[in-house]
Each structure stands twice: as structure tokens, then as C-alpha cells.
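Fold and geometry: a report
One letter stands for each residue in the lines below.
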Amino acid sequence: MTECRICGGAVEEFLDLGRQPLSDAFPRPADVDAEFFYRLAVGHCVECTMVQLMEEVPRERMFHEDYPYHSSGSSVMREHFTRTALNFIETELTTTDPFFVEIGCNDGVLLRTMAESGIRHLGFEPSAGVANVARERGVRVRTDFFEESTAAAVREAEGPANAIFSANTICHIPYLDSLLRGVDALLTPDGVFVFEDPYLGDIVKKTSFDQIYDEHFYLFSVRSVQAMAERFGFELVDVERHPVHGGEVRYTLARAGARQPTPAVARLLAEEEAQGLARPEVLQGFASSVTRIREDLVALLRSLRADGKTVAGYGATAKSATVTNFCGIGPDLVSYVCDTTPAKQDRLSPGVHIPVKSTEAFTASYPDYALLFAWNHAEEIMAKEERFRESGGQWILYVPEVRVV
Ligand code: SAH
Ligand code: TYD
Ligand code: ZN
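Our subject in this report is the structure included herewith.

Criteria and cut-off values
Residues numbered from 1 in each chain as written. Chains lettered and ligands numbered in written order. Predicted model: local features only at pLDDT ≥ 70, side-chain atom pairs only at ≥ 80, totals over all residues. Heavy atoms only, no water. Salt bridge = Lys/Arg side-chain N within 4 Å of Asp/Glu carboxyl O. Helix = DSSP H or I, 4+ residues; strand = E, 2+ residues; numbered from the N terminus. Buried < 20%, exposed > 50% of the residue type's maximum accessible area, 1.4 Å probe, protein only. 1 Å grid on protein atoms, 1.4 Å probe; cavity = no way out; pocket = protein on both sides within 12 Å on 5 of 7 lines; lining within 4 Å. Points joined across faces, edges and corners; volume = space filled by probe spheres on them. Pairing = 2+ DSSP bridges. Contact = heavy atoms within 4.5 Å. Axes fitted to C-alpha atoms, helices over the stretch in contact; angles between N-to-C directions. Near = heavy atom within 4 Å. Polar contact = N/O pair within 3.5 Å; in protein donor to acceptor, adjacent residues only side chain to side chain. Areas by Shrake-Rupley, 256 points an atom, 1.4 Å probe, with all protein chains shown as cover. Nonpolar A, V, L, I, M, F, W, Y, C, P; charged D, E, K, R; others polar.

All right, on to the pattern of salt bridges then. Working definition: two side chains of opposite charge can pair if their charged atoms are close together. Scanning the model with the defined rule gives 20 salt bridges in all. Arg 39 is paired through a salt bridge with Asp 16; the nearest N and O atoms lie 3.3 Å apart. Here Arg 39, found in strand S3 (residues 37–45), pairs with Asp 16, found in strand S2 (residues 10–21); they are 23 residues apart in sequence, far enough to count as distant. Given the relative accessible area of 32%, Arg 39 is considered partly exposed. Taking the relative accessible area as the measure of exposure, Asp 16 reaches 39% and is therefore partly exposed. Two residues, Arg 241 and Glu 271, come together in a salt bridge whose shortest N-O distance is 3.2 Å. In this pair, Arg 241 sits in strand S11 (residues 234–242) while Glu 271 sits in helix H9 (residues 263–275), placing the two residues 30 residues apart along the sequence. Overall, Arg 241 belongs to the partly exposed group, its relative accessible area being 37%. Linked by salt bridges that have partners in common, Asp 202, Lys 206, Arg 241 and Glu 271 make up one network.

Applying the stated criterion to the full structure yields one cavity of 30 Å³ or more. Roughly 70 Å³ of internal volume is contained in the largest cavity. Lining the largest cavity are Phe 26, Ala 316, Thr 317, Ser 320, Ala 321, Thr 324, Val 337, Ser 349, Pro 350, Ile 354 and Phe 373. Per-element tally for the lining of the largest cavity: the top contributor is helix H11 (residues 318–327), with three residues.

What follows deals with the pairing of S11. As defined by bridge partners, S11 adjoins strand S12 (residues 248–255) across eight bridges and the pair is classed as antiparallel. If you follow Arg 241 over to S12, its bridge partner there is Val 249. The antiparallel hairpin formed by S11 and S12 contains five residues in its connecting segment, where His 245 sits at a positive phi of about 50°.

This paragraph deals with the sheet that holds S11. Two strands in a sheet stick together by hydrogen bonds in their backbones, pointing the same way (parallel) or opposite ways (antiparallel). Within the open sheet, the seven strands sit side by side as S7-S6-S5-S8-S9-S12-S11. Their pairing is mixed. Edge positions in the open sheet fall to strand S7 (141–142) and S11, since each of these has one partner strand only. Alignment of strand S6 (residues 120–124) against S7, held across two bridges, turns out to be parallel. When the bridges of S7 are listed, Gly 123 appears paired with Val 141. This element, helix H5 (residues 148–158), spans strand S5 (99–103), S6 and S7 of the sheet and lies at about 160° to S6.

Close contacts around ligand 1 come from 21 residues, with Ser 71, Glu 125, Ser 127, Phe 146 and Asn 168 the closest. Between Ala 167 and ligand 1, the recorded distance is 2.9 Å, taken from a backbone N or O atom to a nitrogen atom. Between ligand 1 and Tyr 175 there is a distance of 2.9 Å, counted from a nitrogen atom to a side-chain nitrogen or oxygen. Protein contacts shield 98% of the accessible area of ligand 1, which totals 580 Å² for the unbound molecule. When grouped by side-chain class, the residues that make up the shell around ligand 1 number twelve nonpolar, seven polar and two charged.

Read these as spatial facts, not as claims about activity.
Below is the structure:
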């Protein structure tokens, strides 16, 4: 039996996505024999409802010098984080010499605004490559995992933080007990811990099973985050939905009793109750929809191949590792995948080894179809690649269902 990483309750598995490679490890052709695999399966805690992976990948295998994901690659995300930073400056950072800490600052997509605004700040970022990009943008970074000991060291050296923020990182951290003790050590008495991550409600509604991969250890819901907060002396005082990355929730935690919860918390809790997010049969239904998407997508790609059509992938996302490996989609069905990230180009996609090329390779000679692995950036990418459709090209989407547009 697997035990819940938060409360120790029993975790019941509801979806097995099979043997999977690391989602952000793009091997060179010479290195394909050294790939690391693990079993990707997901379950829910029968006690606190937290949805979590059944197997944990050691963090140093995922987050290191060569971690290739650069947050600033999307203009929509750059604007989202600039707005977020400015909003913090106006609301939580109005005292004299406030201190702002970010967990998983990546290439400085948010903290650059703090640096430009002269706000005292610090980013925790264990992946040295992206941390250095942030430093070049004037951001202060500690190349370290945020956890109890490193947070306490910062509290000791720099004093307490008025706000601690994290985007798309808290769900990457299995050791949330240590993390929350670190937040407790670092936060001022009336400070806030705010984090946003892909939302289980959206994942289930859209069958976006590709949000499940090694790095996404948890799929949060309001109910499970509320239970977790209470366990560690915090209180969930606000929730906000954001459309980025296919649907996220931004959670605000304060010390228990320090702030009045907004009505949004009870509202979204009631919505989850109605959706049945904590019910095993709803999660089983999600698992059945995943199987249907696999069948539909593979059938479509095979029929296109039989008709002699060319298909390329668009966006070498971490999410696409789950889709391609679970569905068995290799270079025979998708001849290459294009991506703007230099560190992914001229490498192979994890596990199934589809060659990764630049987006210039895509525009130089369009395929008949483009399978949009970066579906969460659909608006931005389709606008940028308008000529593809004008030239007769068609997009293939698989969220919330397989279709050609
Ligand atoms: N906040 C950015 C980056 C998300 S990617 C965005 O929203 O786009 C997740 C990042 O978290 C990676 O850069 C990874 O190196 C970092 N990370 C993983 N574990 C961490 C930890 N314990 N503390 C701080 N950062 C961590
Ligand atoms: P993203 O969906 O943000 O995250 P994840 O890897 O966690 O699933 O990844 C988007 C990928 O798509 C990233 O490798 C950059 C690439 N990309 C493009 O090639 N062109 C674009 O216009 C955008 C927005 C992203
Ligand atoms: Zn639990």
C-alpha cells in the first residue's frame, strides 16, 4: 500500500500511464541507452483526497544544471507574471523595505519585475542553468531547493518574508511537510504564501491527462489544499482561477486565524463537491476517458499515415512525454516536433525518440498536419503560425477530445 505523502492515509490508484521516461530529459542520439524510466501511476488519498503519484522520482534527476524549461518562452506567461508581480507590489508589499521570496523562479520571468521595481527579493532555483539566466536579468537567486533547512537559513540571514510566491512548482515537491515548515520559518506573522498550479477540476473536466508526469507529483484541488494547510498550521484564505496552462488555481495561505477567508473558497469547494472530484467513480471515469483519447488519437494518426500525409508535433512539452509514451507515438507517426527552446533542439524526445527541430524548420516546409502538444498555448501559437493554416495546414488537438481544426 502506498501512503499519502501529506497525511499518511491510504492512496488508491486510479490511472496507470505505464513505463515513462523523465519528461524534460531530451537525450542526444548517442545517449538513448542511458535513459531513466519509472512507472507513472496516479492515485487519491482516501483520507485527505490529495491526488498524487504512486512513485517518486529523485529530485536531482529532474532539476539540475541542464533543466531545459525556460518560463519566459511564452509571451502570455511573461505578461501573466508581470501582472502578478505588480499586483503583489500594490497589495502585500506596501510596508517599508518588504521582502518577497519566490520558490522555483526559473529564468526570472516574475522576479525581473521585482528587480526593476527595486523590491528586496530572493528566488530559490535549484536548476543552475535557468538560475543563471535569471541572474543575468538582475534577479537575486539562491541555487537551492526550498525546504525547511534552506528556508530557515534565509530567515536567519535576511529576516522574514512578507510574501512567498510559487507558480507551477509546489506541485513538483513531494516533501511538502518540509516545505511548509520552511514557509512557517520564513513568513512574517501576517504574511501570505501564494501558489498556483494546474487544477484537478480542469484536468478532470478536460481529460488533460498529459498534466500527469514525473515533475507533477500532486494534482491539487481546493479540498486537498485546504486539508494540507490546516495540517501545518495554515488556513486557505483565498482561491482564484486562472486560464493559463489549461486551467490553474491560485491558492492563498495565511497563518491560521490571521485573515478572514474570502467567499471564493466556499464557492469553489461547493463546485468541486458538485463535480464529484473526491469520488472514486469520477476519477475512474476520468481514467476511461484517457483510454478513449489514446484510441482516437492513435487511430487518427494511423489513418493519416496510411493516406500519405505528413504530421509534425508542435511544442516539445513535458506533457507530450506522457502522451507519446502512453500512446506509443514515435517518429513513424509524428516525423519531428518543433520547439523554440535551443536546449531541446537537435535532441530526441524522451522515450519515443522523435527528433526535435527548431520552429524555423516548421515554417520552412509545412507538414500537412501539426499535432499541438503545447495546446495550453494554442491561442498564442496559432496566431503566430497563421500562415500554416492559410497554406492549407491543419492543427490536431487532443484536449478535451481528439479533433482537427
Ligand atoms: N515558476 C516558473 C517555473 C516552473 S518550472 C513558471 O511558472 O514557469 C518548476 C521550477 O521549480 C523548475 O525551474 C525547478 O528547477 C524548480 N524547483 C523544483 N523543486 C524546487 C524546490 N524544492 N525549490 C525551489 N525550486 C524548485
Ligand atoms: P509548456 O506547455 O509551457 O510546459 P511543459 O513543458 O511543462 O508542458 O511548454 C511549452 C513548450 O512549447 C516549450 O518547450 C516552449 C515551446 N513553445 C514554442 O515552441 N513556441 C511557442 O510559441 C510557445 C509559447 C512555446
Ligand atoms: Zn492524505
